[in-house]
Amino acid sequence: MFKLRLKRLWYARQSIRVSAVVCALTSLAGCTGVQSALDPAGREASRIAEIFWWMTGGALVVWIGVIILALWAARARAEAHNLVRTRFMIVGGGAVVPTVVLTVLLIYGLAPIPALHAPAPAGSLKIAVTGEQWWWRVRYLRPNAEPVVLANEIRLPLGEPVEFQLDSPDVIHSFWIPSLAGKMDMIPGRVTRLVINATRTGSFRGACAEYCGESHALMAFPVVVQEKEEFTRWLTAQAQPAQIPPEAGAALGQELFLANGCGACHTVRGTPAAGVIGPDLTHVGSRLSIAAGTLTNEPEEFTRWVAHTTVVKPGALMPTFQMLPPEQLRSLSLYLEALK
Ligand code: CUA
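(A) Quick peek at the packing of aromatic side chains. This structure, assessed with the given rule, holds ten aromatic pairs. Note on Y140 and F231: the rings are 6.1 Å apart at their centroids and 45 degrees apart in plane angle, and the pair reads as tilted. Placement of the pair is Y140 in strand β2 (residues 135–142) and F231 in helix α5 (residues 228–239), with a sequence separation of 91 residues. A relative accessible area of 4% means that F231 is categorised as buried. The interplanar angle of 40 degrees and the centroid separation of 5.1 Å between the aromatic rings of F164 and F175 together place this pair among those described as tilted.

Structure follows, in structure tokens:
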């Protein structure tokens, strides 16, 4: 009987240990990755991560102090206490210490805000991003030239300040690339600004951080920070009109794209398709994901998107083309995939 109890106790202790390790590992997993504010790759995100760690440290010190006091109170004998010392504890611990600690942390937390909101230097790259339902309209603004329009993907040059001009035609979204900077609301009727200085090349993930409707969680975008030359090559390619794909299936796909009215909502530069309601598809085949970070960029996924749009993304404004025969859907997908 005694042995059995010992064994149970041993199992209980082991399971507590295992749970503690699992909890610690899952918490630490949140500290890295393509969408972690605690693994910064931008000047603004580094400053925010620093504030987070100091705040966490401050909270930890306060928590340890409270636990020590609670243990002390639990063990104190029930007897008359020294009145001066008791008052000192109540006024000091209850009012003075919290006021001082919170004031210091508040000043420390507010101090970097003016620098984080400072405008980008003149001549910086400017990118206008509009929050749509539920995707991102992206325009690289160029002096004395038409903007380069794309969607659901952002690339940035390393080490250069970039100004984002953010807005929305209908509901409030929030533009957030946790690895690079803080978040900024996109508010209908006004343009908000956010400056990002990327400090490390790599692939990251941005997301909408403000509930904006049923597919709010399906509104993401890949972000790539590249060396300047590589970035310039990419932007130059994005500015070009679409190359008409030579593959037979793709050519048929283009005919179907135009015949089914896709061009009423989508633009494919270099073709009669010039709609501006939906995403610009001129180079959609070159993107790292489709449907705003929801699907991988493969022909099968294009088919799934076109045939089951509102299943993949509930509430999406794009009509579903489920009535098209499978071979036509296949040709359409080949065409979209070929728009590199
Ligand atoms: Cu857009 Cu949430």
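(B) Looking closely at the pattern of salt bridges. Going through the model one piece at a time under the given rule, you end up with ten salt bridges. With a shortest N-O distance of 3.5 Å, D39 and R200 are connected by a salt bridge. Taken together, the positions of D39 in the loop between α1 (2–29) and α2 (43–75) and R200 in the loop between β8 (192–197) and β9 (202–208) put the pair 161 residues apart, joining distant regions of the chain. Judged by relative accessible area, which is 34%, R200 ranks as partly exposed.

(C) Representation of unusual backbone geometry in the model. Geometrically, the link from Q133 to W134 is a cis peptide bond, its omega value of -10 degrees lying close to zero. Relative to the assigned elements, W134 resides in the loop between β1 (125–132) and β2. The backbone phi angle of N152 is positive, close to 60 degrees, even though this residue is not glycine. Looking at N152, the relative accessible area reads 8%, which means it is buried. Its identity is not glycine, yet A291 carries a phi of approximately 55 degrees, on the positive side. One can find A291 in the loop between β11 (289–290) and β12 (295–296).

(D) Local environment of helix α7 (residues 299–307). Among all positions in α7, only P299, E301, F302, W305, V306 and A307 are buried. On its buried side, α7 packs onto β11, β12, α8 (309–312) and α9 (326–338).

(E) Structural view of helix α3 (residues 83–110). Taking 1.5 Å per residue, 28 residues should reach 40 Å; α3 reaches 39 Å between its end C-alpha atoms and fits that length. Along α3, the sharpest kink reaches roughly 40 degrees, centred on G92. For α3, the complete set of buried residues consists of G92, L105 and G109. Tucked into the core, α3 has its buried residues touching α2 and α4 (113–116). Where α3 starts, the residue carrying a side-chain oxygen 2.9 Å from the main-chain nitrogen of V84 turns out to be N82.

(F) Structural context of the layout of surface pockets. Here the largest pocket is characterised by a volume of approximately 640 Å³. Residue lining of the largest pocket: 34 residues in total, with H266, G278, P279, W305 and M318 positioned closest to the centre. Those elements that provide at least two residues to the lining of the largest pocket are β11, α7 and α9. Considered class by class, the residues forming the lining of the largest pocket number 23 nonpolar, seven polar and four charged.

(G) Inspection of the domain arrangement of the chain at higher detail. Looking at the chain, the domain boundaries give domain 1 (31–116), domain 2 (125–238) and domain 3 (248–338). A C-alpha centroid distance of 22 Å is found between domain 2 and domain 3. With both sides pooled, the region where domain 2 packs onto domain 3 buries about 1,600 Å², and carbon together with sulfur makes up 50% of that total. Counting the contacts that link domain 2 with domain 3 gives zero salt bridges.

Rules used in this analysis
- Residues numbered from 1 in each chain as written.
- Predicted model: local features only at pLDDT ≥ 70, side-chain atom pairs only at ≥ 80, totals over all residues.
- Heavy atoms only, no water.
- Phe/Tyr/Trp six-rings, centres within 6.5 Å; stacked < 30°, edge-to-face > 60°.
- Helix = DSSP H or I, 4+ residues; strand = E, 2+ residues; numbered from the N terminus.
- Buried < 20%, exposed > 50% of the residue type's maximum accessible area, 1.4 Å probe, protein only.
- Salt bridge = Lys/Arg side-chain N within 4 Å of Asp/Glu carboxyl O.
- Contact = heavy atoms within 4.5 Å.
- Expected span 1.5 Å × (residues − 1).
- Bend = angle between axes of the 7 residues up to and from the residue.
- Polar contact = N/O pair within 3.5 Å; in protein donor to acceptor, adjacent residues only side chain to side chain.
- 1 Å grid on protein atoms, 1.4 Å probe; cavity = no way out; pocket = protein on both sides within 12 Å on 5 of 7 lines; lining within 4 Å.
- Points joined across faces, edges and corners; volume = space filled by probe spheres on them.
- Nonpolar A, V, L, I, M, F, W, Y, C, P; charged D, E, K, R; others polar.
- Domains from an automatic or database assignment.
- Buried area = accessible area lost by both parts, 1.4 Å probe.

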